[in-house]
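These are the residues of each chain, in order.
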Protein chains: 6
Amino acid sequence: MSLTKMAYKFLPEKRSLNGEEMLPHWALRNFGLSGDTMVSFIGDFKVPPERWIDLNSIMHGNNLPDREMLHFVVEHFGCPLQEAVLRQYVLISILEEKLLHRIKVNGHRLTRLGDDLFDGENRLSVTAAGSTLVSAKIHVGVFTKTPGEGFHGIEDYRVNPEELAEVVMCQYGAEMRRLAEKAWRVKPIL
Amino acid sequence: MSLTKMAYKFLPEKRSLNGEEMLPHWALRNFGLSGDTMVSFIGDFKVPPERWIDLNSIMHGNNLPDREMLHFVVEHFGCPLQEAVLRQYVLISILEEKLLHRIKVNGHRLTRLGDDLFDGENRLSVTAAGSTLVSAKIHVGVFTKTPGEGFHGIEDYRVNPEELAEVVMCQYGAEMRRLAEKAWRVKPIL
Amino acid sequence: MSLTKMAYKFLPEKRSLNGEEMLPHWALRNFGLSGDTMVSFIGDFKVPPERWIDLNSIMHGNNLPDREMLHFVVEHFGCPLQEAVLRQYVLISILEEKLLHRIKVNGHRLTRLGDDLFDGENRLSVTAAGSTLVSAKIHVGVFTKTPGEGFHGIEDYRVNPEELAEVVMCQYGAEMRRLAEKAWRVKPIL
Amino acid sequence: MSLTKMAYKFLPEKRSLNGEEMLPHWALRNFGLSGDTMVSFIGDFKVPPERWIDLNSIMHGNNLPDREMLHFVVEHFGCPLQEAVLRQYVLISILEEKLLHRIKVNGHRLTRLGDDLFDGENRLSVTAAGSTLVSAKIHVGVFTKTPGEGFHGIEDYRVNPEELAEVVMCQYGAEMRRLAEKAWRVKPIL
Amino acid sequence: MSLTKMAYKFLPEKRSLNGEEMLPHWALRNFGLSGDTMVSFIGDFKVPPERWIDLNSIMHGNNLPDREMLHFVVEHFGCPLQEAVLRQYVLISILEEKLLHRIKVNGHRLTRLGDDLFDGENRLSVTAAGSTLVSAKIHVGVFTKTPGEGFHGIEDYRVNPEELAEVVMCQYGAEMRRLAEKAWRVKPIL
Amino acid sequence: MSLTKMAYKFLPEKRSLNGEEMLPHWALRNFGLSGDTMVSFIGDFKVPPERWIDLNSIMHGNNLPDREMLHFVVEHFGCPLQEAVLRQYVLISILEEKLLHRIKVNGHRLTRLGDDLFDGENRLSVTAAGSTLVSAKIHVGVFTKTPGEGFHGIEDYRVNPEELAEVVMCQYGAEMRRLAEKAWRVKPIL
């Protein structure tokens, strides 16, 4: 049978996100992961504004607290930008689903508004997707500890970030494979 | 401002789904809708097997009850198959979300398995996506009345199919537009 | 109905063309115009040679007088280079047509040679088209005042640059929309 | 130097246009012309409605007089539909220009409305562009003799159809080559 | 690590090649092989001329003896025609190499002319590549027994067709994987 | 007939390879060659590691002797990376074939392992392929003199590098043209 497997890895050591993660082949250069990859780790969001890629944030500011997050960094080779934003949708939808299954605390209302997850008025996540000359890159981060007003961290739900990382990566890889395989069994419409 | 609007329409008269809906320009030829379109209507699933497009169903059979469904038929021009299966994911995820908001009956557990929605063991939906020479087509159908064992209809949830159709189409159009607009504001990664 | 609208804007203040206009998202960063855009303004041509993008000019020199022009700067997202040079053709052909309609002075012979407009032996325009990682960019400039021998300015024809800018932008947007819509109603040839 | 030449041929014998001309490889199968090709001939327009490819004509009728035309049939391999409608624009714009140069009769006002050429209220031309699985096809026809009210033929201008055919084909080939070559000398914008 | 594996299978029963093998999903429908696939079998070449896909053979005839061949049928999804003819080159080059390694008889001179293998003046192979709406298909056949003058069969070299089939399929799969993986580790040139 | 000719040139003066050869339009800027081009010359391999493009070499080192090679530098416009690695395969396979024809010394065993040519255990060649924003670039180099243990130079075979360069370039151009022309005569599979 034909196989398309993404390589994925959780980095046990904490490290800050500094923006270099969005460069092409970051996972290959640093961790030897080849092809379509997904890397997850925990650390502060320290991306300087000149490395932000969404012009909305750049132009209108982005008062993001400089606090610890669980990060996902994805790379898809040969993937046009329009397809990348659709894959980003899939990743965020998986993250939402896995969080919903793990929230045992009552009174929390998790919703997705565009690309961001919210608990009521409080934002849980940030995300960006962009194109390099050879690949598309996706970043999603969710606060681990609630970093202040207007935001919410997943540890308040008693969610274990590392366990969450593993199930999200595993499910994303499975979904990417399922979607690729669908295209192999669809009759042309003539 | 740049606009990308899908044309959408709910057909108030009931009509069976016979498979011709998946041909290119069906919405243009029959309802004068031009460009990327979404049409919804209620009627029996009467697609003969030679018009099925997913070889999985064709090869392994598909004991689908020949019963009334709420149908969504989508056409995207200039859309590769791989991108179409990603858009199909978005549509099913919107349908799931809108159903969850409307289900007032306790004890129901709506889940998505691959491309299909289930209530526990009972299947609610069917779907297919395929390519014509000029466009991609997506079909999603959900049972209105529960058609027998192993299946579940949305009227058991006291969901009004027509109202559901309107909100799903409206949300899908908004999501497609949001995803198109994202690609307009992403800095190249160099 | 499906809509595809370009955003366009005439900048009333004079400003020099310095080459930054060809960078991706220039219209979004500076004027908040999103998606496919067209911006027009009047000002001197001050693009330093290292920012020229046509290697013909770079290699063979380009004794362009450093004088005032009416500029058009276009950006199309997700547009391959080959398609961009075809759209550039459409823009120049519209400019030629609108100029012809407005020339009331006898004895002028407006012709297009390749991508450039001439009045007899005298050149009226410059143009370039190129690719960024996310979009294609087109520039067309026409001299307002005749800047010296071998060149010709449109004010000699008593053409109002601002009015010309408006009709050219409006017609280009209409033509782009018409060409997009044509692709929505063409039956596959099987 | 790199060369991209279209093969072109004028067929001296009259023959009706029956719609088969739009099938892929028509010029190869019938005249041994290989690659991107352009064939011109004179004959009646006898395309049955089921072979029309523009759904506008199919849906709203097309009271085209069944009369003699000068036909151009173009094939471009590996050419997406969106690019084909842009090349069709170039072809019609060349035809308009070459006609304008040849019209010696006063009082004629040649204009282009969308894809059609008009003399005042009277239509001179028909056109269609479409996709096969391997190529794009373009047809343009201009009436030779005025076929009745609302239409206009080029022989009223004392234009020789065969001479017109030769110059249009030669110019179209030169323009296609020029546009291809431009893409070879454009610096990336980074 | 990311994996891209082709599914391949040798069919032990003899069967004629009748042209249906070039339809999309032939390997999925008949042998349950999914994704990019390669199937090999031994049998007569019985493709009727209306199913030939190379217009050269169709137009100029193809006096192919109706005799037993070792066949290879390949399908690549989402593969443009231009890329398919390059992959066909790789397959023929592998076949040539594997034959060269196995020929123990002196006096044989195996050469490739275009897409065909020859022993001196005698042709060993036939091949074709083409596009479906969802995939590209490649066929290569080599005569097992020498079928008459001007042709040559591989059993004259004491080559075992089944063993040859296995090594060619294995090597082609490895080469396709190697070429895919190369594209994952190439830095953009900026 | 339609023509697609690559421009090619052997540079009679020796010059080192310094990595700038892989930039887009290098052949146009330096030698006035336009379109798809191939340039060959003899000189030392002096590419500093920061200009290497294959991350395998960058990450695992590449103890390449800094010695004279016969170089081939190819540029294909509008060529995706995946297609470029397939064209690189064709180039190396032609080089192998032309070397085999010219080796008159007994006891040499020329083989291809992946993208590299070997004589027994000794490596003859290096190669890389990559993408610019407008084109794909391919480099292949073969040692002229044997530069030390583990390597092998073609002058030991009494092969004349300049004559080899000419036949390889001529054959590569012919093969590229043949492969392009094949795509013009293949019937769609419906």
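Described below are features of the structure shown in this document. (Residues numbered from 1 in each chain as written. Chains lettered and ligands numbered in written order. Predicted model: local features only at pLDDT ≥ 70, side-chain atom pairs only at ≥ 80, totals over all residues. Heavy atoms only, no water.)

## Concerning the overall build of chain A
When helices and strands are counted, chain A shows four helices and nine strands. The helix and strand sequence of chain A, counted from the amino end, reads β-β-α-β-α-β-α-β-β-β-β-β-α. Whereas a compact globule of 190 residues would reach a radius of gyration of roughly 16 Å, chain A reaches 17 Å, a difference of no more than 12%. In terms of overall dimensions, chain A has a C-alpha envelope of 55 × 40 × 35 Å along the principal axes. Sequence separation of 24 or more characterises 73% of the internal contacts of chain A that already satisfy a separation of 6 or more. When the accessible surface of chain A is summed, it comes to about 7400 Å², and 47% of that surface belongs to carbon and sulfur atoms. (Helix = DSSP H or I, 4+ residues; strand = E, 2+ residues; numbered from the N terminus. Rg over C-alpha atoms; globule rule 2.2 N^0.38 Å. Contact = heavy atoms within 4.5 Å. Areas by Shrake-Rupley, 256 points an atom, 1.4 Å probe, with all protein chains shown as cover.)

## So, the relation of the copies chain B and chain C
Relating one copy of the chain to the other requires a rotation about an axis plus a shift along that axis. Laying chain B over chain C is done by rotating through 180° and shifting 0.0 Å along the axis; what remains is an RMSD of 0.0 Å. Those values place the two copies in the arrangement expected of a two-fold rotation axis. The C-alpha atom lying nearest the rotation axis in chain B is that of B:Thr4; the distance is 2.7 Å. Residue by residue, 100% of the interface of chain B is reproduced at the interface of chain C, so both copies engage with the same surface. (Least-squares fit on C-alpha atoms with pLDDT ≥ 70 in both.)

## Thoughts on the relation of the copies chain A and chain B
Each copy of the sequence occupies a distinct position, and chain A is placed on chain B by a rotation of 180° and an axial shift of 0.0 Å, giving an RMSD of 0.0 Å. Looking at the interface residues of chain A, 100% of them are also at the interface in chain B, so both copies use one shared face.

## Here's the deal with a nonpolar patch on the surface
On the surface, A:Leu190, C:Leu190 and F:Leu190 cluster together into a nonpolar patch covering about 280 Å² of accessible area. With respect to the helices and strands, the residue F:Leu190 is situated in the segment after helix H4 (161–182). When its relative accessible area of 45% is taken as the criterion, F:Leu190 is described as partly exposed. (Patch = residues over 30% accessible without salt bridge, like charges linked within 9 Å, V, L, I, M, F, W, Y side chains within 5 Å. Salt bridge = Lys/Arg side-chain N within 4 Å of Asp/Glu carboxyl O. Buried < 20%, exposed > 50% of the residue type's maximum accessible area, 1.4 Å probe, protein only.)

## Description of the interface of chain B and chain C
Every contact between the two is made by 25 residues of chain B and, on the other side, 25 residues of chain C. Around 1900 Å² of area is buried between chain B and chain C when both sides are counted, 61% of it from carbon and sulfur atoms. The interface formed by chain B and chain C holds zero salt bridges in total. In this assembly, chain B and chain C are joined by two residue pairs in polar contact (both at pLDDT 80 or more). (Buried area = accessible area lost by both parts, 1.4 Å probe. Polar contact = N/O pair within 3.5 Å; in protein donor to acceptor, adjacent residues only side chain to side chain.)

## Thoughts on the packing of aromatic side chains
A complete count under the given rule lists 21 aromatic pairs over all chains for this structure. Centre to centre, the rings of A:Tyr89 and B:Tyr89 are 6.4 Å apart; their planes meet at 85°, and the pair counts as edge-to-face. Here A:Tyr89, found in helix H3 (residues 81–102), pairs with B:Tyr89, found in helix H3 (residues 81–102), and the two come from separate chains. When the ring centre of B:Phe41 is taken as reference, the NZ or CZ atom of B:Arg15 above it lies at 5.7 Å. (Phe/Tyr/Trp six-rings, centres within 6.5 Å; stacked < 30°, edge-to-face > 60°. Lys NZ or Arg CZ within 6 Å of the ring centre and 35° of its normal.)

## Section: the arrangement of the chains
The smallest C-alpha distance separating chain A from chain D is 11 Å, and no contact links them. The two units chain B and chain F are non-contacting; their minimal C-alpha-C-alpha distance is 11 Å.

## What about the side chain of D:Arg178?
You can see D:Arg178 is positioned in helix H4 (residues 161–182). Here the side chain of D:Arg178 touches C:Asp115 through a polar contact of 3.0 Å, side chain to side chain. For D:Arg178, the residues in contact, after removing those within four places along its chain, are C:Tyr89, C:Arg112, C:Gly114 and C:Asp115.

## Notes on the sheet that holds strand E7 (residues 122–123) of chain A
Residues and elements named next belong to chain A. Taken in spatial order, the three strands line up as E5-E6-E7 in an open sheet, and their pairing is antiparallel. Edge positions in the open sheet fall to strand E5 (110–113) and E7, since each of these has one partner strand only. Bridge count between strand E6 (residues 116–119) and E7: two bridges; the pairing is antiparallel. By the bridge assignment, Asp119 is partnered in E7 with Asn122. Running over the sheet, H3 touches E5 and E6 and is turned about 170° from E5. (Pairing = 2+ DSSP bridges. Axes fitted to C-alpha atoms, helices over the stretch in contact; angles between N-to-C directions.)

## Considerations on the sheet that holds strand E5 (residues 110–113) of chain C
Residue and element names in this part refer to chain C. With antiparallel pairing, the three strands of this open sheet are ordered in space as E5-E6-E7. Bordering the open sheet on either side are E5 and strand E7 (122–123), each of which pairs with just one other strand. In the packing of helix H3 (residues 81–102) onto the sheet, contacts are made with E5 and strand E6 (116–119), and the angle to E5 comes to roughly 170°.

## Regarding H3(C)
One turn of an α-helix holds 3.6 residues; hence residues three or four places apart share an orientation. A rise of 1.5 Å per residue sets the reference length of H3(C), with its 22 residues, at 32 Å; its end C-alpha atoms lie 32 Å apart and thus fit the reference within 8%. Counting buried residues in H3(C) gives 18 out of 22 residues, a clear majority hidden from the surface. (Expected span 1.5 Å × (residues − 1).)

## Quick word on the interface of chain A and chain B
One widely used convention gives an interface's size as the accessible area the parts lose upon coming together. Counting residues at the interface gives 40 residues for chain A, matched by 40 residues for chain B. Counting the surface lost from both chain A and chain B, the interface buries some 3800 Å², and carbon and sulfur atoms represent 56% of this. Applying the counting criterion to the chain A and chain B interface returns eight salt bridges. For the salt bridge of A:Glu175 with B:Arg112, the shortest nitrogen-to-oxygen distance reads 3.3 Å. Summed over the shared surface of chain A and chain B, the number is 22 residue pairs in polar contact (both at pLDDT 80 or more). For the side of chain A that touches chain B, the secondary-structure elements that each account for two or more residues are helix H2 (55–60), H3, strand E8 (125–131) and helix H4 (161–182) of chain A. Per element, the largest residue contribution to the side of chain A that touches chain B is 11 residues, and it comes from H3(A). For the side of chain A that touches chain B, the residue count by class is 20 nonpolar, eight polar and 12 charged. (Nonpolar A, V, L, I, M, F, W, Y, C, P; charged D, E, K, R; others polar.)

## Observations regarding the pairing of strand E4 (residues 68–77) of chain B
Residues in a regular strand project their side chains so that they alternate between the two faces of the sheet. Residue and element names in this part refer to chain B. Across the 10 residues of E4, 10 count as buried, placing the element largely inside the fold. Because side chains alternate across E4, one face comprises the buried residues Glu68, Leu70, Phe72, Val74 and His76, and the other comprises Met69, His71, Val73, Glu75 and Phe77, equally buried. Examined bridge by bridge, strand E3 (residues 37–44) and E4 share eight bridges and lie antiparallel to one another. Each residue of the ladder has a partner; that of Gly43, found in E4, is Met69. Two strands pair when backbone bridges link them, and E4 and strand E9 (residues 135–143) are joined in this way by nine bridges, in the antiparallel orientation. In the sheet register, His71 faces E9, and the bridge partner there is Gly141.

## What about the side chain of D:Asp115?
Within the fold, D:Asp115 resides in the loop between strand E5 (110–113) and strand E6 (116–119). For D:Asp115, a relative accessible area of 10% translates into the label buried. Setting aside residues up to four positions removed in sequence, D:Asp115 forms contacts with C:Arg178, C:Lys182, D:Gln88, D:Ile92, D:Ser125 and D:Thr127.

## A word on the environment of F:Gln88
Positionally, F:Gln88 belongs in helix H3 (residues 81–102). C-alpha of F:Gln88 to C-alpha of F:Lys98: the two residues are 10 residues apart in sequence and 15 Å apart in space. Residues in contact with F:Gln88, not counting those within four places in the same chain, are E:Lys182, F:Asp115, F:Thr127, F:Ala128, F:Ala129 and F:Ile138.

## Details of the environment of E:Asp115
In this structure the C-alpha to C-alpha distance between E:Asp115 and E:Phe10, which are 105 residues apart in sequence, comes to 23 Å. In contact with E:Asp115, not counting residues within four places along its chain, are E:Gln88, E:Ile92, E:Ser125, E:Thr127, F:Arg178 and F:Lys182. Within polar-contact distance, the side chain of E:Asp115 engages the side chain of F:Lys182 at 2.4 Å.

## So, unusual backbone geometry
All names here are of chain C. In this structure, His25 takes a positive phi of about 65° despite not being glycine. With respect to the helices and strands, His25 occurs in the loop between strand E2 (7–10) and helix H1 (26–31). By relative accessible area, His25 is classed as buried at 1%.

Remember, this is a structural readout, not a statement about activity or role.
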